[in-house]
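For reference, the chains in residue letters:
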Amino acid sequence: MTYLVETDQLSKNYGDRAVVENLDLRVPAGSVYGFLGPNGSGKSTTMKMLLNLIQPSAGSINIMGQPMTRGTRRGLLGHIGSLIENPPGYSHLTGRENMAIVERLSDLSSLQIDRAIHAVKLEKQMDKKVKNYSLGMKQRLGIAMALAKEPSLLILDEPTNGLDPAGIDEIRGLLHDLSQAGVTVMVSSHLLGEIDKTATHLGILSNGRMIFQSSREELFASTIPNLLVRCSQPRKARELLAHSAGVQHSSEVQLTSTESGPAETVRISNMDDAGTAQAVATLVRQDIDVFDVRREEQNLEDLFRNLTHQGGL
Ligand SMILES: Nc1ncnc2c1ncn2[C@@H]1O[C@H](COP(=O)(O)OP(=O)(O)OP(=O)(O)O)[C@@H](O)[C@H]1O
Ligand SMILES: [Mg+2]
């Protein structure tokens, strides 16, 4: 696999505090890499090191297969577009005037500027002053500014911060389109749901350390989806299952209602196939009718909870 970003033991200390520790980032070419972690876990610090805005305390950075050094960094940064923290742009100028500044500063063509504006679907807002933009429009203008030079890699730090659900959806769609167009996107968030489904790869940071990094599929394959058991006497079933031999210490046995039926269902986390077989046998022995046994669809929140239960966060 080709990695567009590869770091080796990348670290940053402030005083004697390690803020980023021994990070081996692997961002595959063509991926949407979701860089997740709670507030203060070191996402922005890492992205700033990749962009040469702050110096690492230790470790190395490779971009597009080349080590980032004093000699190479200008050239490499030319291939990276970024949006870090607040959206850029002069608020007293219009979108078009802001883009004209980018055009001049980076020596771009008007075609490149038009393409970037088109990509973020901001054509109709270009004659408005940026101070009258919604936060979502400001974020999209920021992304257009980052995109105009047609970078191979786009680094976006919390582009969904402060957006309403519709705004978040738009950014998700945009990231998907950019990825289809061949741009590798590294995008951070402290909220799991915002990256769910868009990211092809995930890196999860906790206290400056990577606690998980792989493709989204591998993450989902590495954990057991919750088991849903629909049966007669669900309360009795819950009691029996909570004390059944097949249920692990780390499992939770709860009553829940599912959309598939009005009756309550027993939901069991972290139950493997052998445990499932035992659980069904236990219920049947106690004359409880088992109507339906299935696995719940997993989402990123559940996986994150599992990871953190395993001592991550
Ligand atoms: N210049 C600095 N001097 C000292 N400490 C810093 C500095 N910059 C960041 N930190 C600390 O480093 C830690 C990581 O910060 P960082 O901004 O990278 O986290 P983050 O994951 O981006 O968080 P958020 O989700 O809030 O944006 C925090 O505890 C922060 O207080
Ligand atoms: Mg941050």
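Given the structure is predicted, the values throughout are model-derived calculations rather than measurements.

A closer look at the overall build of the protein
- In terms of regular secondary structure, the protein is built from 10 helices and 15 strands.
- The principal-axis extent of the C-alpha atoms belonging to the protein is close to 80 × 45 × 35 Å.
- The burial tally for the protein puts 47% of its 313 residues in the buried class.
- Considering only contacts within the protein whose residues lie at least 6 apart along the sequence, 68% involve residues at least 24 apart.
- Per element, the accessible surface of the protein, about 15,600 Å² overall, is 47% carbon and sulfur.
- The distance from the centre of the 32 positive side-chain charges to the centre of the 36 negative ones in the protein is 6 Å.

Remarks on the side chain of Ser-214
- Of note, Ser-214 is situated in strand E11 (residues 209-215).
- Take Ser-214: its relative accessible area is 13%, and that puts it in the buried class.
- Not counting residues within four places of it along the chain, the set of residues in contact with Ser-214 comprises His-201, Leu-202 and Leu-219.

A few points about the pairing of strand E1 (residues 3-14)
- Where E1 meets strand E3 (residues 26-28), 3 bridges bridge the pair, whose relative direction is antiparallel. The partner of Tyr-3 across the bridge, within E3, is Pro-28.
- The pairing of E1 with strand E5 (residues 58-63) spans 5 bridges and is classified as antiparallel. Opposite Glu-6, over in E5, you have Asn-62 as the bridge partner.
- Sheet topology note: the E1/strand E2 (residues 17-23) ladder contains 4 bridges and is antiparallel. Considered in E2, the bridge of Lys-12 is made with Val-20.
- As consecutive antiparallel partners, E1 and E2 are separated by 2 residues, and within that stretch Gly-15 has a phi angle of approximately 60°, a positive value.

Notes on unusual backbone geometry
- Positive phi is not limited to glycine here, since Asn-52 has a value of about 65°.
- Note that Asn-52 resides in the loop between helix H1 (43-50) and E5.

What to know about the layout of surface pockets
- Of the voids in this model, the largest pocket is the one considered here, and its volume is about 550 Å³.
- Breaking the lining of the largest pocket down by element, the ones donating at least two residues are strand E7 (80-83), helix H3 (95-105) and helix H5 (135-147).
- Here the residues of the lining of the largest pocket sort into 14 nonpolar, 7 polar and 1 charged.

Side note on the environment of Gly-136
- Assignment of secondary structure puts Gly-136 in helix H5.
- Under the relative-accessibility criterion, Gly-136 is labelled buried at 14%.
- The spacing of Gly-136 and Ile-155 is 19 residues in sequence and 17 Å in space, taken between C-alpha atoms.

Comments concerning the site of ligand 1
- Around ligand 1, the surrounding shell consists of Tyr-14, Arg-17, Val-19, Pro-38, Asn-39, Gly-40, Ser-41, Gly-42, Lys-43, Ser-44, Thr-45 and Glu-158.
- Backbone polar atom of Gly-40 to an oxygen atom of ligand 1: 2.7 Å apart, as the coordinates give it.
- Protein burial of ligand 1: of its 640 Å² of free accessible surface, 61% is covered by the chains.
- Of all the secondary structure elements, the ones that give two or more residues to the shell around ligand 1 are E2 and H1.
- In terms of residue class, the shell around ligand 1 is built from 3 nonpolar, 6 polar and 3 charged.

Considering the nonpolar core
- By size, the foremost hydrophobic cluster in this structure holds 45 residues, and its most contacted members are Met-99, Leu-122, Leu-141, Ile-143, Leu-154, Leu-156 and Leu-300.
- If we ignore the near neighbours within four places in the chain, the residues touching Met-99 are Ile-113, Ala-116, Ile-117, Met-126, Leu-141, Ala-144, Met-145 and Ala-148.
- By size, the runner-up hydrophobic cluster in this structure holds 25 residues, among which are Tyr-33, Leu-50, Ile-84 and Leu-205.

A few points about the domain arrangement of the protein
- Partitioning the protein into domains gives domain 1 (3-221) and domain 2 (227-297).
- Between the C-alpha centres of domain 1 and domain 2 the distance comes to 43 Å.

Describing the sheet that holds E11
- Spatial strand order, E7-E8-E9-E4-E10-E11: 6 strands in an open sheet with mixed pairing. Strand pairing shows two members of the sheet lacking a second neighbour, E7 and E11, which therefore form its edges. When the angles between neighbouring strand axes are averaged without regard to direction, this sheet yields 15°.
- Sheet topology note: the strand E4 (residues 32-36)/strand E9 (residues 184-189) ladder contains 5 bridges and is parallel. Directly across from Gly-34, in E9, lies its bridge partner Val-187.

Let's talk about the packing of aromatic side chains
- What the rule picks out here adds up to 1 aromatic pair.
- When the ring of Tyr-33 is compared with that of Phe-35, the centres are 6.2 Å apart and the planes differ by 45°; the resulting orientation is tilted. For the pair shown, Tyr-33 and Phe-35 are each scored as buried.

Looking at helix H4 (residues 110-119)
- Burial in H4 covers these residues: Gln-112, Ile-113, Ala-116 and Ile-117. What you see down the axis of H4 is that its buried residues fit within an arc of 135°, all on one side.
- Where H4 ends, the next residue or the one after it, Lys-121, has phi of about 55°, a positive value.

Calculation criteria
- Residues numbered from 1 in each chain as written.
- Chains lettered and ligands numbered in written order.
- Predicted model: local features only at pLDDT ≥ 70, side-chain atom pairs only at ≥ 80, totals over all residues.
- Heavy atoms only, no water.
- Helix = DSSP H or I, 4+ residues; strand = E, 2+ residues; numbered from the N terminus.
- Buried < 20%, exposed > 50% of the residue type's maximum accessible area, 1.4 Å probe, protein only.
- Contact = heavy atoms within 4.5 Å.
- Areas by Shrake-Rupley, 256 points an atom, 1.4 Å probe, with all protein chains shown as cover.
- Lys, Arg positive; Asp, Glu negative; His and termini not counted.
- Charge placed at Lys NZ, Arg CZ, Asp CG, Glu CD.
- Pairing = 2+ DSSP bridges.
- 1 Å grid on protein atoms, 1.4 Å probe; cavity = no way out; pocket = protein on both sides within 12 Å on 5 of 7 lines; lining within 4 Å.
- Points joined across faces, edges and corners; volume = space filled by probe spheres on them.
- Nonpolar A, V, L, I, M, F, W, Y, C, P; charged D, E, K, R; others polar.
- Near = heavy atom within 4 Å.
- Polar contact = N/O pair within 3.5 Å; in protein donor to acceptor, adjacent residues only side chain to side chain.
- Core = buried A, V, L, I, M, F, W, Y, C linked by side-chain atoms within 4.5 Å.
- Domains from an automatic or database assignment.
- Axes fitted to C-alpha atoms, helices over the stretch in contact; angles between N-to-C directions.
- Phe/Tyr/Trp six-rings, centres within 6.5 Å; stacked < 30°, edge-to-face > 60°.
- Arc of directions from axis to C-beta.

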